[in-house]
Structure formats: structure tokens, C-alpha cells
Amino acid sequence: MARQLKKPAKPEEPDLLPAMGLFTILIPMLLSMTAFSKLAIVEINMPERSMMNMTDDPPPEPDQQALNLSLAITPEYLVIGARGGFQPNVYFKEMWTFRCKSDAQLITHAPEDVKSAVESGHGPKCKDGSEMDKEKYLYEIESIELWAINKESEEDPGRVIWAVYSSQSENVPDSAYVDGNNAFLAAPGEGAMGLTPPPMLKKPSAGAVLATLTPNSARTLKPDVAAKNIIYPLSAYDLIAKDLIQIHTQFIDLEDVDNIIIVANDDTQFDKIIQLMDRAKEAGFSKINLAKLGG
Amino acid sequence: MARRTRKFSEDVPFSLTSMMDMMTIILVFMIKNLDAEGQLLTQAENLILPVSTSKIQPKEVALTVVVDNNYVVVDNAKIVPTEDVLKQEDLLVTKVDSVLKERRATEQEHALKMGLPADEAGNIIVQIDKNIPYDAMYKVMATCGFSGYTHIAFAVMQKNGGEE
């Protein structure tokens, strides 16, 4: 009898239906527990009610040995004050960065340009030529940036300072680099208001040893990190953060070294206060108080 | 020529493999973003919170005051238009103060019943739109302080969605 050849059987697919059922239950459950944007809190210091002086008695004399550090923000500059004196003003140009809904691209405009465009019946312009909603453009502000400005005198309109930043996403600055002398890799821009990056400012190549303002952050740049670096206007917040770190380190022995008062005028947006509080906390000032400029 | 009838092949089983791949990707993404601790703080509507590097999470549920472009809201009740707060000269926002004092008194009463110290400073979380002027923020903050809520925290959005 001829031997019957056995036909190779069709490979059987595993029964995936039970697994699908499990996934269908798991996904809605996880969806309800997923946090796409995480919230946090920033604590501030307020005097306790019992400590509040409700009488008209003159306030006690300030302690001459104390640091009495304050950080003031005006519409034009940031300034650090301590023991009755002030450091040089850090001038800035305020810029608003929007994310356009039409092309999902970031655009940066000066507030005065946005306001004049809105007054003439137009919204801020996107890269693809479309206009943002002139009624709701305020809700589209992704970030309020303060570009540091180099001024020769009070009358000088100044020039934007450009610096080398690390970047995680395309053209969005992350941390400014400093060299071995703790100086920013920065230079004033060219053209009107210094809005053109200076050609002399080059991106550091892979292998260069650089640091950021974060303690112990010195590192040798890897090729992938070096490729992502960008040249972007130096933030006035970063300039202030560097000064705050230096002050906190220098006066570490003083009793009130962890205290800082952030002073602002009535029109200052809340976002700027939070940015300053962040920089102060990162510099080591754990007790932050708020006060009004001239009030 | 006779028309050739088309032979139907055997029933092809519905392949779930590609669907399984998709589900696996979604599942991994969800697990990555999973917040097992839960959220004690939820963002109010009609406002954009500022982005911060802070990672501090509220330890317990606290009374929330919301300041958006239109209203000052205490515990989901609209109390006073933000415009009115900006216009007033006085630091104390009277309407907000009376609501907060009422809430504080209830909290203290509850603490006494539970045998807890009632004279501790009250906790409050203030959610403020990032474009709100400092003037409104300062007045609301001062009002909270006057009402006995001296542990004030501002709600913020974590930078990069809280990722390292």
C-alpha cells in the first residue's frame, strides 16, 4: 500500500477574542486614570494672623545684618535689591509666543504689535498666512517671554542678547548654557533692535564641556544633544536666576538667606510672577513673599 | 460561451492581530501616563494656568478659589466679577471675604467636633489665569489671608506635562 503523504496542516491562529475583551475593559479604565497634563502647586508665605500688626505703630527698624533681598519686576526691567541697594537693571523686551491652530506652529510677536493688529481688526498672523481669532488670541498664548536686552544708556533702545540653548523640541529653548567661567554663551544681536542672531555666536560642537544653571550640570555634549541646540534670545529670567544663585551661595551664612520678596506693579501678568517664583525657588529661596511696587 | 460562475472561497476568519497591535500600543501609552495617586486638584474651566517647574502636589483637599477673566469663583460659586475687583481701591474684596469667613467658621467647627486643633491656618488653593493682572491676584490673596486662609498655594501646570 502506497504510503499516504500527510498534507501540512494550515497554521491555526490563536484565539485572540478573550485578549481583546480584556483590552476593551482595561483601556476605558486606564483612560479614566490617565493624566495628560499634570497640575502642581506653588506655595507662598504669608504672615500668620496673630503676627499681623493691625495697629498704626511704626514698623520695627530693619535688621542691618539681614540680607533683605527683593526682586522687582517693572514693564521694562527686572532688578534685585538687597540691604537698601540695587544691582544693575536687567532690561527686557516682552514677547508673546502663540501656537496657531491652523498649522500648529509657534509664532512670536511683540505685545504692542498684537494689540495694534487687533485694534485694526486683525488677529495675530500665523506662519501659513492665516490669522488667529482676534477675540480669543489671549487664550492662545503659549508663553510670555522676556528677551534680555543689552542697553548702553537709559535712552538706548538696546539690542536683544542671543544665547545658546539646549532644546528638546524644535526651536523651543530649554536651558541656557554657561561656560567654565559661569558666563552665558551669548552676544548681542545685529540689525534693528538686535533681532538678527550675531554670526559670531556659534553652536558648540559635540565634545564641548558645558553646563546649565542647574547645580552639577557640567557635561560633555553628545552629538545628538549638540545637534538639537539652538540659538535663541537670552531670557531675562535666566539672567536673574544666575544672579540669584550667586547671591544665595555668597550669603549662605545669613539668617534670612532663604527669604525673598517679589515686588511687582498692578499690571504684571500672573505668569511672570510664577516664572520669578520658580527661578527664586530653584536658586534656593524657599520663603517667598509677595509685595506691590510702591504700595 | 457559458458564463463562468465565480467560486466563493472558504470563509476567511476575521483577523484580530492588527487590532491587537493597536490595542497594545494604546495600552502601553495609557500605562505610561497613568496617575495612580489620583488628582486632588482639577483645573477649572475658562482659564489657562501658568506653567511651572514645581512638582509639589497638594497633600489634602483644600478650598479652591478661581480667578478667571470674568469672575472670582469660590467653591464653584461665582462671587464677584473680576472687573469689579480690579476697579476697587480697597485691598479687601468684601464679598469674597464674607464667603471665605463663613467657610472658615464651618471648617473650624468641624475640626472641633473631630477633636482637631481649630486655630491652625486654613489651606486654600488659588487658581488664577496666567494673564490676570497682579492687582487682582494680590487683592484675592490678601482677602484669603484676612479670612484666616494663610496657607496659600497657587495651582500651576507642570512643565512638559510633568515628565522628566
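Bear in mind the structure is a predicted one, so any value in this text is a computation, not a measurement.

About the cut-offs
- Residues numbered from 1 in each chain as written.
- Chains lettered and ligands numbered in written order.
- Predicted model: local features only at pLDDT ≥ 70, side-chain atom pairs only at ≥ 80, totals over all residues.
- Helix = DSSP H or I, 4+ residues; strand = E, 2+ residues; numbered from the N terminus.
- Buried ≥ 20, exposed ≤ 12 C-beta atoms within 10 Å, placed from the backbone.
- Contact = placed C-beta atoms within 7 Å.
- pLDDT = per-residue confidence, 0-100.
- Nonpolar A, V, L, I, M, F, W, Y, C, P; charged D, E, K, R; others polar.
- Pairing = 2+ DSSP bridges.
- Axes fitted to C-alpha atoms, helices over the stretch in contact; angles between N-to-C directions.
- Left-handed = near helix turned anticlockwise from the far one by under 90°.
- Expected span 1.5 Å × (residues − 1).
- Arc of directions from axis to C-beta.
- Core = buried A, V, L, I, M, F, W, Y, C linked by C-beta atoms within 7 Å.
- Parallel < 35°, antiparallel > 145°, perpendicular 65-115°, else oblique.

**Quick word on the overall build of chain A**
Here is step 1 of the chain: Counting secondary structure elements, chain A contains 5 helices and 15 strands.
Here is step 2 of the chain: Put simply, chain A has 295 residues, and 27% of those count as buried.
Here is step 3 of the chain: Across chain A, every contact between residues at least 6 apart in sequence was considered, and the portion connecting residues at least 24 apart equals 59%.

**Focus on the overall build of chain B**
Here is step 1 of the chain: For chain B, the helix and strand inventory stands at 4 helices and 6 strands.
Here is step 2 of the chain: Each helix and strand of chain B, placed in order from N terminus to C terminus, yields the pattern α-β-β-β-β-α-α-β-α-β.
Here is step 3 of the chain: Across chain B, every contact between residues at least 6 apart in sequence was considered, and the portion connecting residues at least 24 apart equals 67%.

**Comments concerning the confidence of the model for chain B**
Residues shown with low pLDDT carry predicted positions that ought not to be read at fine detail.
Here is step 1 of the chain: Taken residue by residue, chain B gives an average pLDDT of 83. The fraction at 70 or more is 87%.
Here is step 2 of the chain: For this predicted complex, the interface score ipTM comes out at 0.79, while the overall pTM is 0.82.

**Notes on the interface of chain A and chain B**
Here is step 1 of the chain: Residue-level contacts link 42 residues of chain A with 49 residues of chain B.
Here is step 2 of the chain: Secondary-structure elements contributing two or more residues to the side of chain A that touches chain B are helix H1 (17-33), strand S1 (39-43), helix H5 (270-283) and strand S15 (287-292) of chain A.
Here is step 3 of the chain: When residues of the side of chain A that touches chain B are assigned to their parent elements, the largest contribution, 9 residues, is made by H1(A).
Here is step 4 of the chain: Looking at side-chain class alone, the side of chain A that touches chain B contains 26 nonpolar, 5 polar and 11 charged residues.
Here is step 5 of the chain: As paired strands, S1(A) and strand S6 (residues 151-158) of chain B are joined by 5 bridges and run antiparallel to one another. Paired with Ile41(A) across the two strands is Ala155(B), which belongs to S6(B).

**Concerning the packing of helix H4 (residues 236-250) of chain A against H5(A)**
Residue and element names in this part refer to chain A.
Here is step 1 of the chain: Contact pair H4 / H5: the axes reach a minimum separation of 8 Å and the direction vectors enclose 30°. Once H4 is placed against H5, the crossing between them reads as right-handed. Residues Tyr-237, Ile-240, Ala-241, Leu-244, Ile-245 and His-248 of H4 form the contact with H5, whose participating residues are Gln-275, Arg-279, Ala-280, Glu-282 and Ala-283.
Here is step 2 of the chain: Of the residues contributing to the contact of H4 with H5, the split by class is 7 nonpolar, 2 polar and 2 charged.

**Examining helix H3 (residues 94-113) of chain B**
All names here are of chain B.
Here is step 1 of the chain: Taking 1.5 Å per residue as the helical rise, H3 with its 20 residues ought to reach 28 Å, and the 29 Å between its terminal C-alpha atoms agrees with that figure.
Here is step 2 of the chain: Taken together, the buried positions of H3 are occupied by Val-96, Val-99 and Leu-100. When H3 is viewed along its axis, its buried side chains cluster within an angular range of 95° and face the same direction. Among the exposed residues of H3, those oriented more than 90 degrees off its buried face are Thr-94, Glu-102, Glu-109, Leu-112 and Lys-113.
Here is step 3 of the chain: Looking at the buried positions of H3, the neighbouring elements they touch are strand S3 (71-74), strand S4 (77-81) and helix H4 (134-146).
Here is step 4 of the chain: Downstream of H3 by one or two residues, Gly-115 has phi in the positive range, about 75°.

**Here's the deal with the environment of Ala192(A)**
Here is step 1 of the chain: For Ala192(A), the location among the structural elements is in the loop between strand S10 (186-188) and strand S11 (209-210).
Here is step 2 of the chain: Separated by 32 residues in sequence, Ala192(A) and Val160(A) place their C-alpha atoms 9.4 Å apart.

**Topic: the pairing of S3(B)**
All names here are of chain B.
Here is step 1 of the chain: Bridging between strand S2 (residues 63-67) and S3 involves 3 bridges; their strand directions are antiparallel. The residue of S3 that forms the bridge with Val-66 is Val-73.
Here is step 2 of the chain: The loop that links S2 with its antiparallel partner S3 comprises 3 residues.
Here is step 3 of the chain: Taken together, the 4 bridges between S3 and S4 define a ladder with antiparallel strand orientation. Residue Val-74 lies in a different strand from S4, and its bridge partner there is Ala-77.
Here is step 4 of the chain: Linkage of S3 to S4, two consecutive antiparallel strands, is achieved through a turn of 2 residues, within which Asp-75 is found at a positive phi near 50°.

**Some remarks on the nonpolar core**
Here is step 1 of the chain: Judged by nonpolar contacts, the single largest core of 85 residues is most densely connected at Ile262(A), Val126(B) and Val140(B).
Here is step 2 of the chain: The next biggest cluster of nonpolar side chains, apart from the first, holds 6 residues, and it includes Trp96(A), Cys100(A), Val114(A) and Ile141(A).

**Here's the deal with the environment of Ser37(A)**
All names here are of chain A.
Here is step 1 of the chain: Looking at the secondary structure, you find Ser-37 in the loop between H1 and S1.
Here is step 2 of the chain: Classification of Ser-37 by C-beta neighbours within 10 Å gives exposed; the count is 12.
Here is step 3 of the chain: Note: C-alpha distance between Ser-37 and Asp-103 (66 residues apart in sequence) is 22 Å.

**Structural notes on the packing of H1(A) against helix H1 (residues 17-32) of chain B**
Here is step 1 of the chain: Across the interface, H1(A) lies against H1(B) with an axial gap of 10 Å and an inter-helix angle of 30°. For the element pair H1(A) / H1(B), the angle class is roughly parallel. Considering how the two elements wind past one another, H1(A) and H1(B) form a crossing that is left-handed. Residues Ala19(A), Met20(A), Phe23(A), Leu26(A), Ile27(A), Leu30(A) and Leu31(A) of H1(A) form the contact with H1(B), whose participating residues are Met19(B), Met20(B), Met23(B), Ile26(B), Leu27(B), Met30(B) and Ile31(B).

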